[in-house]
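Listed below are the residues making up each chain.
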Amino acid sequence: MPLLSVISPFLNERDTAEAFARFVKSMSLDVRQRFGLNVEVVLVDDGSTDGSIARYRQVLEGDWRIVELSRNFGKEIALVSGVEESRGDYVLMIDADLQHPYEVCIDIINTLLADPDLDVVYSIRADRLQESWSRAFGAKLFYRLINGGQRFVIPENAGDFRVMRREAANALLTIRDKRRFNKGLYAWMGFRQKGILYTPDPRAAGKTKWSKLALAALSLEGITSFSAVPLRIMSAIGVIIGCAGMVYGSELIIKVLLFGTDVPGYPSLMASISVLGGFNLALLGLLGEYIWVTIAEVKDRPLYIVRRIHRSGPIQ
């Protein structure tokens, strides 16, 4: 039988392990009956400290492996390690907190298998339509920035929850970016892709590991990895400020030479220093972000280090 690899990174998800085991057991039976696919489960422990691995080993059944990373490398990297460890003809990425509904998992698998011309079926969160105007505006601005001037488009509100054929998964593995923004990489690699709307379920247990600061850092990672628009905006602001300064300086010269008007020195000087100093500091900070991304790539360290791989028996 063809094989479906279910990949799920986790961080301190001991309390969801039993529910996850039931979830993938039901999926294995359902996928085999509906689509004629065997299922393997590839979990990636991204530096858990709560005994999650021991709990998963107790409750998982069937064919499974747990890739134990040597420390916390982040979800973006953990997903790559899971794909590299997988052997399936198809790869399904889901979260260990079970916010990705069972019915949607079956739906995206069915959508991919029903159309031989499709390579990837991804999910789009529909619940963000109900977010506050500030978050909605921020999301719109982010996608405007990151998609500006690109030859490809990163779909809004699409995440890692997706299924892909092995050819697309192998293509993803050839991308060895150290500072990864997977949403952008999925779009960059191309292939025939289709999006499906869904509404996430509540977490099975525990709390999200994504703080607002972490989400902001991930957004900045995406912009510095995929867009030069912020640099162009800063350049445009610099040109505007320079032109405005020339106009203002010309006006002062004319007033002094023709009309003998006294020039207010201190206020105008402080305003100029504040504007130019703030602009230069912002530009230096932005350049620093881009330089840091470049340094991380040049070092050419491995994406991750595996401490141990925990295995079950082979498929029966």
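Residues numbered from 1 in each chain as written. Predicted model: local features only at pLDDT ≥ 70, side-chain atom pairs only at ≥ 80, totals over all residues. Heavy atoms only, no water.

Notes on the overall build of the chain
Counting its regular elements, the chain contains 10 helices and eight strands. Taking all 316 residues of the chain together, the buried fraction comes to 43%. Long-range contacts, defined as pairs at least 24 residues apart, comprise 83% of the intrachain contacts of the chain with a sequence gap of at least 6. As displayed, the chain offers around 17000 Å² of accessible surface, 59% of which is attributable to carbon and sulfur atoms. (Helix = DSSP H or I, 4+ residues; strand = E, 2+ residues; numbered from the N terminus. Buried < 20%, exposed > 50% of the residue type's maximum accessible area, 1.4 Å probe, protein only. Contact = heavy atoms within 4.5 Å. Areas by Shrake-Rupley, 256 points an atom, 1.4 Å probe, with all protein chains shown as cover.)

A word on the environment of Glu18
Its place among the elements puts Glu18 in helix H1 (residues 17-35). Separated by 38 residues in the primary sequence, Glu18 and Tyr56 place their C-alpha atoms 7.4 Å from one another. Among residues more than four places away in sequence, those in contact with Glu18 are Arg55 and Val59. A distance of 3.0 Å separates polar atoms of two side chains, one belonging to Glu18 and the other to Arg55. (Polar contact = N/O pair within 3.5 Å; in protein donor to acceptor, adjacent residues only side chain to side chain.)

Structural notes on the pattern of salt bridges
Applying the stated criterion to the full structure yields 13 salt bridges. One salt bridge connects Glu68 with Arg307, and the closest N-O pair in it is separated by 2.7 Å. Linking Glu68 in strand E3 (residues 63-69) with Arg307 in strand E8 (residues 306-311), this pair joins segments that are 239 residues apart in sequence. Residue Glu68 is classed as buried on the basis of its relative accessible area, which comes to 11%. (Salt bridge = Lys/Arg side-chain N within 4 Å of Asp/Glu carboxyl O.)

Comments concerning the environment of Trp64
When you line up the elements, Trp64 lands in strand E3. Along the sequence, Trp64 and Val39 sit 25 residues apart, while their C-alpha atoms lie 8.9 Å from each other. If sequence neighbours within four positions are ignored, Trp64 has contacts with Val41, Arg57, His310, Arg311 and Ser312.

Concerning the pairing of strand E6 (residues 158-165)
Taken across its eight residues, E6 has eight buried, putting it largely inside the fold. Two elements, strand E4 (residues 90-93) and E6, share four bridges in a ladder whose sense is antiparallel. If you follow Val91 over to E6, its bridge partner there is Met164. As judged from the four bridges shared by strand E5 (residues 120-125) and E6, these two strands associate in the antiparallel manner. When the sheet's bridge partners are listed, Tyr122 is paired in E6 with Arg162. (Pairing = 2+ DSSP bridges.)

Examining the nonpolar core
Ranked by size, the top nonpolar core spans 38 residues in total, and within it Leu4, Phe20, Tyr56, Leu60 and Leu92 carry the most contacts. If near-sequence neighbours (up to four positions away) are discounted, Leu60 is found in contact with Phe20, Ala21, Val24, Leu43 and Ile66. One finds Val44, Phe73, Leu172 and Leu185 within the second-largest nonpolar core, a separate group that totals 26 residues. (Core = buried A, V, L, I, M, F, W, Y, C linked by side-chain atoms within 4.5 Å.)

As for the sheet that holds E6
A sheet is described by the order of its strands in space; here eight strands give the open sequence E7-E5-E6-E4-E1-E2-E3-E8, paired in mixed fashion. At either margin of the open sheet sits one strand with a lone partner, and together these are strand E7 (193-198) and E8. In this sheet, neighbouring strand axes are inclined to one another by 20 degrees on average, regardless of whether the strands run parallel or antiparallel. Helix H2 (residues 52-59) rests against strand E1 (3-10), strand E2 (38-45), E3 and E8 of the sheet, and its axis sits at about 175 degrees to E3. This element, helix H6 (residues 166-173), spans E4, E5 and E6 of the sheet and lies at about 125 degrees to E6. (Axes fitted to C-alpha atoms, helices over the stretch in contact; angles between N-to-C directions.)

A short note on the packing of aromatic side chains
Summed over all chains, the structure comprises four aromatic pairs. Ring geometry for Phe10 and Tyr56: centres 4.7 Å apart, planes at 45 degrees, overall tilted. Remark: Tyr56 occurs in helix H2 and Phe10 occurs in strand E1; sequence separation between them is 46 residues. With a centroid separation of 6.0 Å and 90 degrees between ring planes, the pair formed by Phe20 and Tyr56 is classed as edge-to-face. (Phe/Tyr/Trp six-rings, centres within 6.5 Å; stacked < 30°, edge-to-face > 60°.)

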